[in-house]
Amino acid sequence: MIDKPRIGVYVCHCGKNIAGVVNVEDVAEHVRNMAGVIVAKDYRYVCSDPGQDMIKKDIRDYQLDRIVVVACSPRLHEPTFRRVLEESGLNPYLLEMVNIREQCSWVHMDEPDKATEKAKDLVRMAILRSQLLEPLEIKEVKVLKSVLIVGGGVSGISAALDLAEMGFKVYLVEKNESIGGHMAQLDKTFPSMDCSICILGPKMVEVARHPKIKIISHADIVRVEGYVGNFKVKIRENPRYVISDRCTGCGECQEVCPIEYPNEWDINLGVRKAISVPFPQAVPSVYRINIDYCLQCYKCVEACGAREAIDFGQKPKETELNVGAIIVAIGFEPYEPYQLKEYGYGTYQNVITNIEFERLINAAGPTEGKLIRVSDMKVPHRIGFIQCVGSRDERIGHIYCSRFCCMSAIKQARQIKEKLPEAEVYIFHTEPRTFGKGFEAFFRKTREYGVSVVRGRASKVLEDPETGNLTVFVEDLSLGKPVEVEVDLLILSVGMSPPKDLESLSRTLRIPRDPDGFLLEAHPKLRPVDTHTAGIFLAGACQSPKDITDSISQAKAAAASVAALLSRGKIRVESMIAHVNQDLCIGCGLCQEICPYQAMTIQNKKSKTIPALCGGCGTCASTCPEHAITMKHYTNKQILAEVVTAFQR
Amino acid sequence: MSSIEEEQEEQEKQEKQQSVLVLGGGVCGIQVALDLADMGFKVYLVEKKPSIGGHMAQLDKTFPTLDCSACILTPKMVDVARHPNIELLTYSEVLAVSRASKSFEVTILKKSRYVNEDKCTGCGICAQYCPIEVPNEFDQGIGIRKAIYVPFPQAIPLIYTIDKENCIKCGLCERMCEAEAIDHNQQPMKITVTVGSIVVAVGFQLFDAKNKQEYGYGRYDNVITGLDFERLVNAAGPTGGHLARLSDAKIPKKIAFIQCVGSRDEKSGNLNCSRVCCMYAIKQAILAKEHIPDADIHVFYMDIRAYGKGFEEFYTRAKEEFNVKFVRGAVSEIVEIPETKNLIVRVEDTETGELLEKEFDMVVLSVGLTPPSDSEAIENILGISKGEDGFFSSPDPQIFTVDTNIGGIFIAGTAEGPKDIPDSVAQASAAAMKASVALVQLTQEEKHVEK
Amino acid sequence: MAEEFEPKLIAFTCNWCSYAGADLAGVSRMQYPPNVRVIRLMCSGRVDPIFILEALKRADGVLVTGCHIGDCHYVSGNLHAEVRVKLVKKALEMVGLEPERLKLEWISASEGEKFARVIKEMVDQLKKLGKNPLRDG
């Protein structure tokens, strides 16, 4: 604290808004002789240009170092007057504003005397506080112009390309062998009926080729440290037993490999070799040996020959990345309906999920696009869809709507009709959520193809063991009575679940989860892609279920947020931060527990603030049992000074 | 030309290409402007009304969190006003756009407020003394404003505007203004700016419920639209937040919400879903119950589209916690009882097949979203195309949602199609991203050409 | 004739919600008694029990206001404020001071009317309770 602050006080008339009730000249007079007050004036509109100039002139002429503006709400003009101080060479935090308009003249219009007395009290409080104000450091930290994107589905890919185009270095980390996510598994997309891999494939290749993007696949995030602009991330690349730099993706090893095992990417409907890529368009097209199935017969090593890309001794590799920001785009997992015994999934062979359907109908899939029943390889004639499987269901704790499945079922129903025009197709649902652009028209057109829409929840499914057919029991809400419909093939439209590794990743990244288990955004309305941790953003289904179009939009939004954050090369850190007195601190860790921004770390048994993360709330200061924490600009002394003089004239 | 002059011209050209025009100052335009300004670009934000804020500023609370709308919007509005990279041009419209090499030359008309923007401090004394009262558009015509006015107290910029049509030129405002900011002779101004990219975020217009004649909007006092309802429950609205009937100011005890008014309806000419009305009706039903705990509330719907984050839970809350009754049925007609001004709603309950006639004190029509009134003018000025539904559309709306048929011009928000606030904000940032990439590529191309 | 007792009320408000709500009361010209002196903090979580105790040495009542639960600008500050006010109330009871002299209210930025009403009600209640025996002067 400066020993002898020189305070300038400016009491605003605001036309008649304040002066019509409060005697502003009296208020100025009241404080003119207070200790430290060099100048106390009243003026018609202090916020106007001449008003601001008057303050600047007084700062020069009287060497003022504290300014008290008595006027409207600081929520209106605090930044205006802070700029005045800055332009006069003073630290902007040496300003104090007193609200005698919104909280005085406007609310005590019939009691001008009492309003004036109140104004005098408020100005006194501000003057005593201003004597204790200290200049605050306006700190900027450098930010790295690089981004880590966790998850290589359509959201991660979209954000990666946008940011790379802007000139940022992008690390795209994907836990699976290939990027592409679930979109790569789909056959067609709604409502345009574009072939999914046809629109995604080129983007995947673009990502692989882009000089600014580095794909790190078959890898996990181990640890994240640091703060916005300066994150240190440890990544572990899991062994493929193939050396990436040497593998040319020629596939000769795959041809000679004798072992086949169920391909998870084909939802275990198809097989892959012990050395293989999960699907032909995989990016990167680096082969991988599944060591659990491999016989180590060395046929692949022979086929690989001079390239010598296979290495059975490969170990997990840990790398450390330094990035300025992180985008989490880890997507979703299709809900696995084993729990819903009434539908018979896992027991009845001809009950499949919508994602299994995608692989069956896909021309590059395990049946080369032939829609056949798993039980007898026959072509089905009657196909049913049950909606909301794993969504809107209190019993399993998934109360949310998965948003894409109505349209997905309608799309799949149309595809069936296109392939098998004579087939009977039924969709059992409670309501079609066809809300998006072109959705309603798509739904109408699909009904014109002859798809039957039955309004009602399917209560149970029974199998005829001889035929493998299924009978669906549903309460038909339009007819108002229960019906039974026999189908050859039943497709469960399963919803989106948070991916299994989301929980551990949420802890690694310190992002809380919402009640449905998806990642929590900072504000559902105005900050849908931010998290509470500065520098970490969300995109895509991991934030909440959504379709491809909305995922891409959100990914672009996340990329925009990152670009805005990193473009200037540095960011301003909050000045009103907590400071821990190391002598008084006993290292109890309470502040660390309660800080919502993880801004307190314990080092050498003492607590310290990470300035870049501190949000400036001050909760730690009032929590510390030793009163070791000072909240800058809202110190105990400053606040108590106001309390003491509030009514004491 | 000397090389120094050439260099200067080149730098000016570069600076010009690093600027963006954003059309529309609703929550979407505001987000685009802030994102681009934060990235370091110069943004011209053009808004036709005297204040930014759009429709979101008119709302009371937002679904599904029941956040106070103004509370979350006004800080962003203030950020726009203060941002050194944003030039805010309110009460302005775009007159013409022409291509100048790879940039756009935009002519903007700043309409006359008859108030000097540099002198007005927003103190409001003028409005206190103005003798003329007219229906306030911001309050859906339910409340009043003066002929010299700001549309709402948190308007940005907080500068008064004189509505010349209703002004009687009494001169009282001029006499009372201590900042000498009134100028009855102010002329409109034309400004020309050169920008590298344009984002169109001009929002939507509500379906005019008068077009659904069988529902009686405009004839029956107690049939109101969803937005009328918002202004009634808003604490800063014309009734101070009291949900009261417009006919006799009594508190309604039986309220009906009718869904899909102007949407999914061949007769209204719009077969598409408006995407937000299910949720806003559920929200309003809950607000009505909060205001009037013993009210009996019915929602007559076709389907309940509660698809977004937290939506299904919100729908369940309305049913279980607030006892809102949801009836699946098509409302054929609304008839007024002249003595009480109550309303009879005729509906076919599609689940039971019954034909019902129910009496209500108040009926709220959940009107859909239609393209904004000036969309044709914008189409002509910019040359961007619309989709079948009349909203601006990308040639490939699924993958390239914010693009248009013209390189360098992007669309976002409800101008692209009906959507709620979170989706508008996300799309706004997406458009900002594309606009910024376009600008970066522009400068790179120039550098490449030079080499 | 004895002058009517005018209670003195100190109110702690948070910058994002309750202070803004108080401003809105002003913008809407809602009138309330001039007995209150508002101290602006960034968050209700900043309110330290010693502020409340010191305030009760100079005023007849203390009002702590903040954002509604779930809306705290700093995520959880108001939760801590709630716990602390409860504890201080218990402490006040133990020294025989009426716990009604300390009040906690959540006021959002749009609840100008609520702010005005809370002040009015509290001033009325303090008038009934009379002067705070722990107060000097």
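As the structure is a prediction and not an experimental result, all values here were calculated from the model.

## Quick look at the packing of helix 11 (residues 405-419) of chain A against helix 12 (residues 439-448) of chain A
All names here are of chain A.
- Put simply, helix 11 and helix 12 touch, their axes get as near as 10 Å, and they point 35 degrees apart. Seen along the crossing, helix 11 lies across helix 12 with a hand that is left-handed. Across the interface between the two elements, Met407, Ile410, Lys411, Ala413 and Arg414 of helix 11 pack against Phe439, Phe442, Phe443, Lys445 and Thr446 of helix 12.
- Class assignment for the residues of the contact of helix 11 with helix 12 results in six nonpolar, one polar and three charged.

## Regarding the domain arrangement of chain B
All names here are of chain B.
- Split by domain assignment, chain B resolves into domain 1 (3-111 + 188-204 + 371-450) and domain 2 (207-369).
- Computed from C-alpha atoms alone, the centre-to-centre distance between domain 1 and domain 2 is 34 Å.
- Listed per partner, the contact involves 18 residues of domain 1 and 23 residues of domain 2.
- Taken together, the two surfaces of domain 1 and domain 2 that pack against each other cover about 1,700 Å², and 66% of this comes from carbon and sulfur.
- Notably, a salt bridge pairs Arg275 with Asp423, separated by 2.9 Å at the nearest N-O pair.
- Taken together, domain 1 and domain 2 are joined by five residue pairs in polar contact (both at pLDDT 80 or more).
- Along the lines of polarity and charge, the residues of the side of domain 1 that touches domain 2 split into eight nonpolar, four polar and six charged.

## Things to note about the interface of chain B and chain A
- Tallying the contact residues gives 66 residues for chain B and 66 residues for chain A.
- Interface area for chain B against chain A, summed over the two sides, is near 5,500 Å², with a carbon-plus-sulfur share of 54%.
- Three residues stand out in chain B for area buried against chain A, namely Glu178(B), Lys309(B) and Gln398(B), and they jointly supply 15% of the buried area on that side.
- The interface formed by chain B and chain A holds 12 salt bridges in total.
- Close ionic contact of Arg433(A) with Glu312(B) constitutes a salt bridge, the shortest N to O distance being 2.6 Å.
- Viewed at the interface, chain A and chain B are joined by 29 residue pairs in polar contact (both at pLDDT 80 or more).
- Per-element tally for the side of chain B that touches chain A: the top contributor is helix 10 (residues 421-450) of chain B, with 14 residues.
- Residue classes in the side of chain B that touches chain A are distributed as 30 nonpolar, 16 polar and 20 charged.

## Side note on unusual backbone geometry
- In the segment running from Val283(A) into Pro284(A), the intervening peptide bond is cis, with an omega of -5 degrees.
- Looking at the secondary structure, you find Pro284(A) in the loop between strand 15 (275-276) and strand 16 (288-289).
- Between Phe63(B) and Pro64(B) the backbone carries a cis peptide bond, its omega angle lying at -10 degrees.
- The topology assignment puts Pro64(B) in the loop between strand 3 (61-62) and strand 4 (67-68).
- Look at Arg392(A): it is not a glycine, yet its phi comes out positive at around 50 degrees.
- If you trace the backbone, Arg392(A) turns up in the loop between strand 21 (382-389) and helix 11.
- Judged by relative accessible area, which is 15%, Arg392(A) ranks as buried.
- For Ala249(B), which is not glycine, the phi dihedral falls at a positive 60 degrees.
- On the secondary structure map, Ala249(B) appears in the loop between helix 6 (226-233) and strand 16 (254-261).

## Re the nonpolar core
- Judged by nonpolar contacts, the single largest core of 119 residues is most densely connected at Val9(A), Val22(A), Ile100(A) and Phe12(C).
- In terms of residues, this core owes the most to one element, helix 5 (residues 112-131) of chain A, which gives seven residues.
- Counting residues in each nonpolar core, the second largest holds 117 residues, with Ala160(A), Ile310(A), Ala559(A) and Val43(B) among its members.

## Details of the sheet that holds strand 20 (residues 351-353) of chain A
All names here are of chain A.
- Ordered in space as 20-27-21-22-23, the five strands form an open sheet in which the pairing is parallel. The open sheet is flanked by strand 20 and strand 23 (452-455), the only strands paired with a single partner. Going across the sheet, the axis of each strand differs from the next one's by a mean of 25 degrees, ignoring polarity.
- Across four bridges, strand 22 (residues 424-429) lies against strand 23 in parallel orientation. Across the sheet, the residue bridging to Phe428 is Val454, located in strand 23.
- Against the sheet, helix 11 contacts strand 21, strand 22 and strand 27 (489-494), and its axis sits at roughly 170 degrees relative to strand 21.

Calculation notes
Residues numbered from 1 in each chain as written. Chains lettered and ligands numbered in written order. Predicted model: local features only at pLDDT ≥ 70, side-chain atom pairs only at ≥ 80, totals over all residues. Heavy atoms only, no water. Axes fitted to C-alpha atoms, helices over the stretch in contact; angles between N-to-C directions. Helix = DSSP H or I, 4+ residues; strand = E, 2+ residues; numbered from the N terminus. Left-handed = near helix turned anticlockwise from the far one by under 90°. Contact = heavy atoms within 4.5 Å. Nonpolar A, V, L, I, M, F, W, Y, C, P; charged D, E, K, R; others polar. Domains from an automatic or database assignment. Buried area = accessible area lost by both parts, 1.4 Å probe. Salt bridge = Lys/Arg side-chain N within 4 Å of Asp/Glu carboxyl O. Polar contact = N/O pair within 3.5 Å; in protein donor to acceptor, adjacent residues only side chain to side chain. Buried < 20%, exposed > 50% of the residue type's maximum accessible area, 1.4 Å probe, protein only. Core = buried A, V, L, I, M, F, W, Y, C linked by side-chain atoms within 4.5 Å. Pairing = 2+ DSSP bridges.

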